[in-house]
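# Overview (structure and organization)
Spelled out, the chains give:
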Amino acid sequence: MADLSYVLHNNSHYKPCWKSLKETSFDEINKVYLCQSDMNVFDFDCIVKTLYPKKQPASYDALIVNENNKRVYCIEFKNQKPSEIDKSNIQKKLKHGKDVLTDLCKQNNVQQSLYTFIYCVVFKKNKGGYRDGIKNSTIRFDLEQYKNQYFDEIITNDIAFFTREFQKKFIAETC
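Here goes a summary of the coordinates provided.

Rules of the game
Residues numbered from 1 in each chain as written. Predicted model: local features only at pLDDT ≥ 70, side-chain atom pairs only at ≥ 80, totals over all residues. Heavy atoms only, no water. Disulfide = S-S within 2.5 Å. Helix = DSSP H or I, 4+ residues; strand = E, 2+ residues; numbered from the N terminus. Buried < 20%, exposed > 50% of the residue type's maximum accessible area, 1.4 Å probe, protein only. Phe/Tyr/Trp six-rings, centres within 6.5 Å; stacked < 30°, edge-to-face > 60°. Lys NZ or Arg CZ within 6 Å of the ring centre and 35° of its normal. Core = buried A, V, L, I, M, F, W, Y, C linked by side-chain atoms within 4.5 Å. Contact = heavy atoms within 4.5 Å. Pairing = 2+ DSSP bridges. Axes fitted to C-alpha atoms, helices over the stretch in contact; angles between N-to-C directions. Polar contact = N/O pair within 3.5 Å; in protein donor to acceptor, adjacent residues only side chain to side chain. Right-handed = clockwise from strand over helix to strand, strands pointing away. Salt bridge = Lys/Arg side-chain N within 4 Å of Asp/Glu carboxyl O.

Per the stated rule, a full pass over the model turns up 1 disulfide. Put simply, Cys17 and Cys46 are joined by a disulfide, and their sulfur atoms are 2.2 Å apart. With the S-S dihedral at roughly -70 degrees, the linkage between Cys17 and Cys46 falls on the left-handed side. Placement of Cys17 in the loop between helix H1 (4-9) and strand E1 (18-20) and of Cys46 in helix H3 (residues 44-51) is noted, with a sequence separation of 29 residues between them. Accessibility classification places Cys17 together with Cys46 in one group, the buried group.

Listed below in structure tokens is the structure:
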């Protein structure tokens, strides 16, 4: 059995897909980076374009594979407030992206059951209020239905939360 990170790092087709988290967070329309981290990750959109050059399925922006604890973070950046995000688009990215990842694992003899898969949707912060605290602890965009079916864990939260959690998990990496 192969490790997922080994497969991605050692396939020459994916070499151009090794980018900084900052690069994967770039909003082309507004010309802004949502994250400032230089941590290297896989640009999952790039991997999908490599695998499907003619017509790409929907996919998330970044893929982080931590072989030490066997966690795979699938990250979608949205330069929008939660109320502005199209939940059907987020759901499609979750499903199609995970299907691509599953196929990639099968084709390369990667045992998915060894990994914990986490889908993260990172967005702009609302102005605030007491309700934000409650909403921050819930899964948004009707993604609860995909927990334990497609992903082991689903996190939907703002950039500041993502940055704090990232600092805890990846030591000194900030957005």
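Moving on from the model shown.
The next subject is the packing of aromatic side chains. Per the counting criterion, the structure on display carries 10 aromatic pairs. Seen in terms of ring centroids, Phe44 and Tyr60 are 4.7 Å apart; in terms of plane orientation they differ by 15 degrees. Their pairing is stacked. With a gap of 16 residues between them, Phe44 in helix H3 and Tyr60 in the loop between H3 and strand E5 (62-66) connect regions that are remote in the sequence. Each member of the pair Phe44 and Tyr60 is classed as buried. Taken together, the aromatic side chains of Phe44, Tyr60, Tyr119 and Phe151 make up a single cluster linked through ring pairs. In this structure, Lys22 is placed above the aromatic ring of Tyr33, and the distance from its NZ or CZ to the ring centre is 4.8 Å. When the ring centre of Phe117 is taken as origin, the NZ or CZ atom of Lys98, which lies over that ring, is 4.4 Å away.

What follows is about the nonpolar core. Formed by 34 residues in total, the largest nonpolar core has its most connected members in Leu4, Leu8, Leu63, Val72, Leu101, Tyr119 and Leu143. The greatest single-element share of this core, amounting to 6 residues, is contributed by helix H4 (residues 87-107). The contact partners of Leu63, leaving out residues within four places of it in the chain, are Leu8, Val41, Phe42, Phe44, Val72, Tyr73, Cys74 and Leu101. With 16 residues, the next largest nonpolar core counts Leu21, Ala62, Ile75 and Phe166 among its residues.

Strand pairing in a sheet relies on backbone hydrogen bonds, with the paired strands running either antiparallel or parallel. One open sheet holds the 6 strands; their spatial order is E1-E4-E5-E6-E7-E8, and the pairing between them is mixed. Both edges of this open sheet fall to E1 and strand E8 (153-158), since each of them pairs with a single strand only. Each adjacent strand pair in this sheet contributes to an overall mean axis angle of 35 degrees, direction not counted. With 5 bridges joining them, E5 and strand E6 (residues 71-78) adopt antiparallel strand pairing. From the neighbouring strand, Ala62 faces E6, where its bridge partner is Ile75.

Within the secondary structure layout, Asn30 lies in the loop between strand E2 (26-27) and strand E3 (32-33). Among the polar contacts made by the side chain of Asn30, one reaches the side chain of Asp27 at a distance of 2.6 Å.

Next up on the list: the pairing of strand E7 (residues 116-123). With 7 of its 8 residues buried, E7 lies for the most part within the structure. In this sheet, E7 lies alongside E6 in parallel orientation, the contact comprising 8 bridges. Each bridged residue has a counterpart across the sheet, and for Cys74 the counterpart in E7 is Tyr119. Tracing the backbone out of E6, into H4 and back to the parallel element E7 gives a crossover that is right-handed. In the sheet, E7 pairs with E8 via 6 bridges, with the strands oriented parallel.

Moving on, we come to the pattern of salt bridges. All chains considered together, the criterion is met by 7 salt bridges. A salt bridge links Lys19 to Asp43; its shortest N-O distance comes to 3.1 Å. Residue Lys19 is located in strand E1, and its partner Asp43 is located in strand E4 (residues 40-43); the two are separated by 24 residues in the primary sequence. On the basis of relative accessibility, which here comes to 10%, the residue Asp43 falls in the buried class. With its nearest N and O atoms 3.3 Å apart, the salt bridge here joins Glu76 to Lys93. With Glu76 in strand E6 and Lys93 in helix H4, the pair connects residues that are 17 residues apart, well separated along the chain. For the pair Glu76 and Lys93, one class covers both residues: buried.

Function cannot be inferred from these measures alone, as they are strictly geometric.
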